[in-house]
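Chain by chain, the residues:
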Amino acid sequence: MSGLTIENISMRFDLPNGGSVQALKDVTLELKPGELMSVLGPSGCGKTTLLNIVAGFLAPTEGRIAMNGHTVQGPDAERGMVFQQGALFEWMNVRENVAFGPRMKGEREAQYGANVDHLLDVVGLGDFKDKAIYELSGGMQQRVALARCLANDPDVILMDEPLGALDALTREKMQSLVLKLWKETGKTIILITHSVEEALLLGERLLVMAPRPGRIHKEYRLPFADLGVDQDLREVKKHPDYNKTREEILAMIWDMEEEIMGRTEESA
Ligand SMILES: Nc1ncnc2c1ncn2[C@@H]1O[C@H](COP(=O)(O)OP(=O)(O)OP(=O)(O)O)[C@@H](O)[C@H]1O
Ligand SMILES: [Mg+2]
């Protein structure tokens, strides 16, 4: 079976004081190859934990992750990760960062070179190959991170707040780039974000998670990501359903946050 299966995943963290945190409870989800899913939810609802389990960085307390039919038992190049920031190799230039994965696999320049250059062009960094990482803006660094991830040719790309540290304009451009890459490469993508707007624009499936324990609250299927592939994202936002869904999700998350605050005050 191809695609990603998240099967009854639960995760409990045992704490040094003897207590425990139920970070995830019974999360079940299937992603077909090429699907783009955004994940939203209040802080602490287990989004990063779920992504780390799919990446193979964490073993779940219960449940199973399967990728193209085999059980995930650790990190693998088939599942690439793009972090919020700071995950580039500062001692390598832009091109060396992107070539890192293929080189680790033992490929030679003659094998990976053309693809690495192509990917740098795709993310608009063709003229910056020899630059040091510190010479780049935040947006450019995230484009290097995307190209580096794509150079490993993963089946699934996992992104944890990849655009969270960028200014509004750069972020908008990067959102368009993510959609372009999604359509051009046909990769399966899971993207975590705190922005409702971003989740609406970058999710043909949008998952809302709820906290304590972290679980799936609601899933939407949305037309905006497809529309955004060829259209200006500002035009997409004028779609009659866009604001309606945005308001609905904002209210939903607001209610969850209120509940969390209420509980915290009660227990204080
Ligand atoms: N290694 C750990 N040890 C103990 N508790 C942890 C650990 N990692 C996460 N948690 C707890 O699990 C819960 C889920 O954390 P997680 O980081 O997955 O949330 P999140 O949804 O990504 O939050 P945010 O939106 O703030 O990034 C939180 O209550 C957190 O404190
Ligand atoms: Mg997180």
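Residues numbered from 1 in each chain as written. Chains lettered and ligands numbered in written order. Predicted model: local features only at pLDDT ≥ 70, side-chain atom pairs only at ≥ 80, totals over all residues. Heavy atoms only, no water.

Under an unreviewed UniProt entry, the name given to the protein is Taurine transport system ATP-binding protein, and the source organism is Litoreibacter ascidiaceicola. Per UniProt, the comment on the protein under Sequence similarities (unreviewed entry) is "Belongs to the ABC transporter superfamily." (UniProt positions renumbered as here; feature names shortened; annotations may be inferred.)

Draft legend 1. A look at the overall build of the protein. Per the secondary structure count, the protein includes 9 helices and 10 strands. Over its C-alpha trace the protein gives a radius of gyration of 19 Å, about what one expects of a compact globule, namely 18 Å for 268 residues. Taken over the C-alpha atoms alone, the protein extends approximately 60 × 45 × 40 Å along its principal axes. Looking at the protein residue by residue over its 268 residues, the buried ones come to 49%. Within the protein, contacts between residues separated by at least 24 positions form 69% of all contacts whose residues are at least 6 apart in sequence. When the accessible surface of the protein is split by element, carbon and sulfur atoms take 49% of a total near 13,100 Å². The positive charge centre, built from 30 side chains, and the negative charge centre, built from 41, are 2 Å apart in the protein. (Helix = DSSP H or I, 4+ residues; strand = E, 2+ residues; numbered from the N terminus. Rg over C-alpha atoms; globule rule 2.2 N^0.38 Å. Buried < 20%, exposed > 50% of the residue type's maximum accessible area, 1.4 Å probe, protein only. Contact = heavy atoms within 4.5 Å. Areas by Shrake-Rupley, 256 points an atom, 1.4 Å probe, with all protein chains shown as cover. Lys, Arg positive; Asp, Glu negative; His and termini not counted. Charge placed at Lys NZ, Arg CZ, Asp CG, Glu CD.)

Draft legend 2. Geometry of the pattern of salt bridges. Going through the model one piece at a time under the given rule, you end up with 19 salt bridges. The structure contains a network of salt bridges with shared partners spanning Glu35, Arg205, Glu219 and Arg221. (Salt bridge = Lys/Arg side-chain N within 4 Å of Asp/Glu carboxyl O.)

Draft legend 3. Broad picture of the domain arrangement of the protein. According to the domain assignment, the protein consists of domain 1 (1-78 + 154-238) and domain 2 (88-153). The straight-line distance from the C-alpha centre of domain 1 to that of domain 2 is 24 Å. Across the boundary between the two partners, domain 1 contributes 16 residues, which contact 11 residues of domain 2. Between domain 1 and domain 2, roughly 1,100 Å² of surface is buried when both sides are summed, and carbon and sulfur atoms account for 78% of that area. Counting across the domain 1 and domain 2 interface gives 1 salt bridge. Residues lysine 187 and aspartate 153 are paired through a salt bridge, measuring 2.5 Å at the closest nitrogen-oxygen approach. Counting across the domain 1 and domain 2 interface gives 3 residue pairs in polar contact (both at pLDDT 80 or more). (Domains from an automatic or database assignment. Buried area = accessible area lost by both parts, 1.4 Å probe. Polar contact = N/O pair within 3.5 Å; in protein donor to acceptor, adjacent residues only side chain to side chain.)

Draft legend 4. Fine view of the site of ligand 1. Close to ligand 1 lie Phe13, Leu15, Val21, Ala23, Ser43, Gly44, Cys45, Gly46, Lys47, Thr48, Thr49 and His194. With respect to ligand 1, the side chain of serine 43 contributes an N or O atom lying 2.5 Å from an oxygen atom. One of the side-chain N or O atoms of histidine 194 is found 2.8 Å from an oxygen atom in ligand 1. When ligand 1 sits alone it has 640 Å² of accessible area, and the protein chains cover 60% of it. Within the residue set of the shell around ligand 1, elements represented by two or more residues are strand 2 (20-31) and helix 1 (47-55). A breakdown of the residues in the shell around ligand 1 according to their chemical character gives 5 nonpolar, 6 polar and 1 charged. (Near = heavy atom within 4 Å. Nonpolar A, V, L, I, M, F, W, Y, C, P; charged D, E, K, R; others polar.)

Draft legend 5. Region of interest: the packing of helix 4 (residues 138-151) against helix 5 (residues 168-185). Where helix 4 meets helix 5, the axes come as close as 11 Å, and the angle between the chain directions of the two elements is 15 degrees. Judged by the inter-axis angle, helix 4 sits roughly parallel to helix 5. Helix-helix and strand crossings are classified by hand; for helix 4 and helix 5 the assignment is right-handed. Mapping the contact onto sequence places Gly139, Gln142, Arg143, Leu146 and Leu150 in helix 4 and Thr170, Met174, Leu177, Val178, Leu181 and Thr185 in helix 5. For the contact of helix 4 with helix 5, the class distribution of residues is 6 nonpolar, 4 polar and 1 charged. (Axes fitted to C-alpha atoms, helices over the stretch in contact; angles between N-to-C directions. Parallel < 35°, antiparallel > 145°, perpendicular 65-115°, else oblique. Left-handed = near helix turned anticlockwise from the far one by under 90°.)

Draft legend 6. Spatial organisation of the confidence of the model for the protein. Overall, the prediction assigns the protein a mean pLDDT of 93, with 97% of residues at 70 or greater. Mean pLDDT across the secondary structure elements of the protein bottoms out at helix 9 (residues 240-267), with 85, and peaks at strand 3 (residues 36-40), with 98. (pLDDT = per-residue confidence, 0-100.)

Draft legend 7. Spotlight on helix 5. Here helix 5 spans 26 Å end to end across 18 residues, near enough to the 26 Å set by a 1.5 Å rise per residue. If you check which residues of helix 5 are buried, you get Arg171, Glu172, Met174, Gln175, Leu177, Val178, Leu179, Leu181 and Trp182. (Expected span 1.5 Å × (residues − 1).)

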